[in-house]
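Listed below are the residues making up each chain.
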Amino acid sequence: MAPAAMTFASSLSDAQPVSYWLDDPAKPGALPALTGDEHCDLLVVGGGYSGLWTALLAKERDPGRDVVLIEGREVGWAASGRNGGFCAASLTHGLGNGLARWPGDMAKLEELGGRNLDAIEAAVATYSIDCDFERTGEIDVATEPHQAEELREMYEEATQLGFTGLELLDQDAVRAEVNSPTFLGGLWDRRGVAMLHPAKLAWGLKQACLDLGVRIYENTSGQQLAASGTGMAVRTPYGRVFARQVALGTNVFPSLVKRVRAYTVPVYDYALMTEPLSPEQLAAIGWKRRQGLGDSANQFHYFRITADHRILWGGYDAIYPYGGKVSAEMDHRPETYLKLAGHFFRCFPRLEGLRFSHAWGGAIDTCSRFSAFFGTAHGGKVAYAAGYTGLGVGATRFGADVMLDLLSGQPTERTELEMVRSKPLPFPPEPVAWAGIGLTKWALARADANGGRRNVWLKAMDRLGLGFDS
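The rules behind each value
- Residues numbered from 1 in each chain as written.
- Predicted model: local features only at pLDDT ≥ 70, side-chain atom pairs only at ≥ 80, totals over all residues.
- Heavy atoms only, no water.
- Core = buried A, V, L, I, M, F, W, Y, C linked by side-chain atoms within 4.5 Å.
- Buried < 20%, exposed > 50% of the residue type's maximum accessible area, 1.4 Å probe, protein only.
- Helix = DSSP H or I, 4+ residues; strand = E, 2+ residues; numbered from the N terminus.
- Contact = heavy atoms within 4.5 Å.
- 1 Å grid on protein atoms, 1.4 Å probe; cavity = no way out; pocket = protein on both sides within 12 Å on 5 of 7 lines; lining within 4 Å.
- Points joined across faces, edges and corners; volume = space filled by probe spheres on them.
- Nonpolar A, V, L, I, M, F, W, Y, C, P; charged D, E, K, R; others polar.
- Disulfide = S-S within 2.5 Å.

Draft legend 1. Region of the structure containing the nonpolar core. Leu42, Trp53, Phe133, Leu201, Leu205 and Phe374 are the most contacted members of the largest nonpolar core, which totals 56 residues. Top element by residues in this core is helix α10 (residues 392-408). It accounts for eight residues. The contacts of tryptophan 53, once residues within four sequence positions are left out, are Ile120, Ala123, Leu205, Val393, Thr396, Arg397 and Ala400. Core analysis: the second largest hydrophobic core is formed by 35 residues, Val174, Ala341, Leu351 and Ala359 among them.

Spelled out as structure tokens, the structure:
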């Protein structure tokens with residue numbers, strides 16, 4: 001191993017193979033599993049953000065509604081407890097993706113996204129959820145000249161369309177915010193993103209649901225969905241739940257509505273967390289305003305600073321397992337951790353000698369349009385939302401509202417959106433999916449290395465509205 005690689009490896013020697021967020025003494029104990037039969041008005045399947053927001057909003061809309069939530073493991077154990085803690089207003093995986101797909105609805109989507117983030121901030125206050133919520137915004141940083149030009153073009157387009165809250169930063173300005181020799185410019189969304197502790201948000205939503213009367217059963221997976229009389233029944237390992245309506249918030253895990261499964265694939269994403277920075281280390285990099293950051297490459301990194309002055313560094317590798325199987329074996333990938341450590345010290349050379357305390361991974365539900373899709377089944381008695389593609393911390397609350405709107409059968413400003421009424425293109429079966437995703441990843445890496453120039457394959461995918469991202 002080369003000397004540099006040895007240095008990077010040594011920074012990982014004490015890293016615990018578990019999500020930093022879940023490795024917390026504040027983690028609540030698991031609730032009992034369901035045994036026997038249960039009856040309710042609304043059954044929510046899934047105890048991540050999607051399911052938790054659905055249960056909470058259902059009770060807020062109608063306190064008398066009898067709501068049950070089941071979770072296959074423990075609340076927040078999957079993506080909701082392993083992500084970077086970026087809670088974005090965007091419902092479309094960024095302004096550029098939204099404008100490319102739904103230009104006519106973009107003003108309304110931006111408005112709804114802003115209102116959704118405001119509502120999350122209000123809920124954190126109303127339910128006293130201690131999740132380190134900080135509305136610091138996010139800076140997209142350029143590390144190559146072509147990326148700086150792309151950020152300038154996006155800023156100009158957004159300004160012409162009347163979107164506000166963005167600030168274009170030149171090299172000196174972005175380095176005054178966070179000091180890295182790799183930063184050439186940036187685009188700062190000042191109000192559109194909040195930073196938070198993701199697991200504590202999930203645990204806080206769990207308690208809020210319980211306080212409103214939601215009955216939660218953990219270690220209770222939904223195994224089979226079927227019609228039952230005028231309602232639905234979901235079989236669990238030790239019983240059944242009979243409900244008038246069902247909302248599915250299972251995201252990356254196989255949907256109980258089988259036809260939905262082809263619309264998503266699991267993509268494994270990985271992250272590192274450093275030990276706390278000393279005052280001298282903090283002074284060396286600045287970061288006084290604690291924004292989230294992400295670079296502008298196709299294979300991108302996301303990074304942020306925590307309440308206890310650690311740096312989370314994640315992204316870049318997006319690993320698709322052949323066959324689309326979600327497996328605990330994929331949760332750790334030492335070769336990716338080593339790669340990420342090298343990238344970290346290239347970005348922050350002044351932090352040489354810093355060590356990583358945690359290293360982990362997890363699966364993201366990716367769809368071909370990069371943002372959530374919605375629908376109903378069984379004559380409108382079942383609703384689902386999935387495909388958040390790594391931007392679900394905030395957008396899942398919007399998705400919960402959409403599912404409840406769809407179950408109500410009444411049109412709303414959300415259900416009228418083209419984004420809600422349409423579906424992404426499904427992924428093809430294997431081995432075509434494996435080959436196509438592999439070719440797309442290769443082409444994206446080539447584009448990063450060639451000034452952002454997209455080859456024939458990527459241009460064809462753009463025309464078809466297909467993509468692959470985490």
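Draft legend 2. Structural context of the environment of phenylalanine 427. Note that phenylalanine 427 resides in the loop between α11 (418-421) and α12 (432-449). As for phenylalanine 427 and leucine 407, which are separated by 20 residues in sequence, their C-alpha atoms are 27 Å apart.

Draft legend 3. Here's a closer look at empty space enclosed by the protein. What the rule picks out here adds up to one cavity of 30 Å³ or more. There is about 30 Å³ of room inside the largest cavity. Lining the largest cavity, in full, are Ser90, Leu91, Thr92, His93, Phe370, Ser371, Ala372, Tyr388, Leu391 and Ala395. Class assignment for the residues of the lining of the largest cavity results in six nonpolar, four polar and no charged.

Draft legend 4. View of the state of the cysteines. The tally for this structure, following the rule as stated, stands at zero disulfides. With no disulfide of its own, cysteine 87 has cysteine 131 as its nearest cysteine by sulfur position, at a separation of 8.4 Å. Look at cysteine 87 and you get buried, because its relative accessible area is 0%. A disulfide-free cysteine, cysteine 367 has its sulfur positioned 19 Å from the sulfur of cysteine 87, the nearest such atom.

All we've got here are geometric facts, nothing functional implied.
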